[in-house]
Amino acid sequence: MIIAMVVCIKYFTIIFFSIFLYVKILNYGKVTFIKILCSVIFSIALAFLMFILRESLPIASIVIMIALLGLFMTTLTKTKLNISITATIISTGMSYAILTLSAVISIFLYVHFLQSIISEKYAELFFSISTFFIEGLLANIPFRFSRLKRGFTFLNKRGAGSLGIFIGTILLCCAIILGQPTGEESSLIVIMSALGILICLVGIISFWRSGIKKSYLEYLQAQELEELRAQIAEKEEQIEELMKHNEQLSSIIHRDNKLIPAMELAVRECISSSEQNSEQAIKRTAILAQLADETAERSGLISTYQINNKKLPSTKVFEIDNLLRYLQNKAAEEQVMFDLIIACDVKYMTTELLDQSKMRTILADLIENAIIAVRTCKYKSILVSIVLIEGFYTISIEDSGVDFQIETLCNLGLEKATTHADDGGSGIGLFSTFEIMKLLNASLIINENKKIKHSFTKKITIRFDGKSEYIVNTKRVAEIANAAQRSDMILNDILQ
């Protein structure tokens, strides 16, 4: 009688917690009392059936249990059959593994604390009952972690559960071997089977974490793709609006390009045909000067219109957007074209990689340096990019200004150095950026481009790759190498 109870409780524990783990694995919705009651009744009935079949069909009984359990869960949860089969194998395998671990704990408790209280006659019954409660505690633990509490949601994707089925099948095979009656000579097989079950449990947890990580990365990629689509749609609206403005401007320019030069020519001809010392000639000269001023002012207004009416894409972080708009206005005052590319989740960056204060410091220092660098150039342009490249978040600032001095590159991060002391530069910006980069184990990369008309001459990139490297891609490798007295600088020749 006791043996029958022990066997039934064992299989009830396996089946009941297989159902529990199934529900948790697929992150099934609210479970009603009726469904819990049905699960308990089904577990009791199937446990009794397993007691009957285990002697005559020891191996086939496990297969029958999994098949009936899968059909029951498919009916109960209305899950697709292929997903239900995968989840059933994984949950049953996990239940067996946790049962083994619970049994080890139960035996330990009995041997060290309860052997004098509970007689040997009822020891197996104690093991069965205590194992049920211990498994109840252990089965809940993985789902207490925030990353795991949503279960195996990635199983809905085609082929995602193949590895889980493989590990679960091996685990069940170990459980079948462990459940067979063995003599003393087969104790090694029992130990190896139990060890195999525990290893498979670790494998399932690793498979679980890997699947969640992969699913999260795919979610991020989908989110970034959606944001890019939204940005493209926004850009298309902006382009359409700009086209309307351009049509209006083109009609004004088309008219003025004919009218103003014609008026200027007429005045010149009038002056040239008149006496230069006459009062009338002086008035005409004044008119010509005024007309020239109007022409210059008109050209400036058109240029300012093009710079000031550019709308930047949003980073979805209020403080960063405000800073970038401020820097855009500052660039506009210097007649500098300012562009921004956002191709990543900036909000994620400011919560997981670096705080908003550090990001604002990096952007403000590097962009202000770029504005100073292009101040004396004919072509003034700055491009700021906050993007995800090869899995790494990066902040890049490109400008059309002068190159860094060799001394600045050699002493970067070691002391405050500036190429623009005459323009108010202090060297603090690059020094602060280098300090933040070291603190976050990010890499600082400086690219010097080949000189092409109306193009960017250099690019500074902060890449959050955990490598903390300082890389300079330059055409002046020999000069920098001779002047540099530091081991952390990596020089690459851009001409190679």
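Position numbers for residues start from 1 in each chain and track the written sequence from start to end. Side-chain atom pairs in this predicted model are given and counted only at pLDDT of 80 or more, local residue features only at pLDDT of at least 70, and totals for whole chains, interfaces and linings cover all residues. With hydrogens and water set aside, each side-chain value is computed from the structure's full complement of heavy atoms.

Our next topic: the nonpolar core. Here, the term nonpolar core denotes a set of buried Ala, Val, Leu, Ile, Met, Phe, Trp, Tyr and Cys residues that are joined through side-chain atoms within 4.5 Å. Exposed residues in this analysis have more than 50% of their type's maximum accessible area, buried residues have under 20%, and partly exposed residues fall in between, with area computed by a 1.4 Å probe over protein chains only. Core analysis: the largest hydrophobic core is formed by 49 residues, its most contacted members being M349, M359, L363, I367, I386, I395 and Y470. The helix count covers DSSP runs of H or I at least four residues long, the strand count covers runs of E at least two residues long, and both are numbered beginning at the N terminus. Counting residues per element, this core draws most heavily on helix α11 (residues 356-374), which supplies nine residues. Residue contacts are counted whenever heavy atoms from the two residues lie within 4.5 Å of one another. Leave out the neighbours within four places in its chain, and I395 touches M349, M359, L363, S385, I386, I460, T461, I462 and F464. Ranked by size, the runner-up nonpolar core spans 40 residues in total, among them I62, Y96, A97 and L171.

A few words now on α11. Its 19 residues give α11 an end-to-end C-alpha distance of 27 Å, which sits within 8% of 27 Å, the value for a rise of 1.5 Å per residue. Here a polar contact means two N or O atoms within 3.5 Å. Within protein one must be a hydrogen donor candidate and the other an acceptor candidate, and residues neighboring in sequence count only if both atoms are side-chain atoms. By the N-cap criterion, in which a side-chain oxygen at the helix start approaches the backbone nitrogen of a residue two or three places on, α11 is capped by D355, the distance to S357 being 3.2 Å. Here the expected length of a helix is defined as 1.5 Å per residue gap, with one fewer gap than residues.

When a carboxyl oxygen of Asp or Glu lies within 4 Å of a side-chain nitrogen of Lys or Arg, that pair is called a salt bridge. Enumeration according to the criterion identifies nine salt bridges in this entry. Across the salt bridge formed by K458 and D399, the nearest N and O atoms sit 2.9 Å from each other. Of the two residues, K458 is situated in strand β5 (residues 458-463) and D399 in strand β3 (residues 392-399); the sequence distance between them amounts to 59 residues. Take D399: its relative accessible area is 3%, and that puts it in the buried class. A salt bridge links K475 to E448; its shortest N-O distance comes to 3.9 Å.

All right, on to helix α1 (residues 2-25) then. With 24 residues, α1 ought to run about 34 Å at 1.5 Å a step, and its terminal C-alpha atoms sit 34 Å apart, in line with that. Following α1 by one or two positions, N27 adopts a phi angle in the positive range, close to 50°.

Because side chains alternate across strand β1 (residues 337-343), one face comprises the buried residues F338, L340 and I342, and the other comprises M337, D339, I341 and A343, none of which is buried. Pairing geometry for β1 and strand β2 (residues 381-389), over seven bridges, is parallel. What sits directly across from I342, in β2, is I386. Here the rule is simple: two strands pair whenever DSSP picks up at least two bridges between them.

As far as function goes, none of this settles anything; it's purely spatial.
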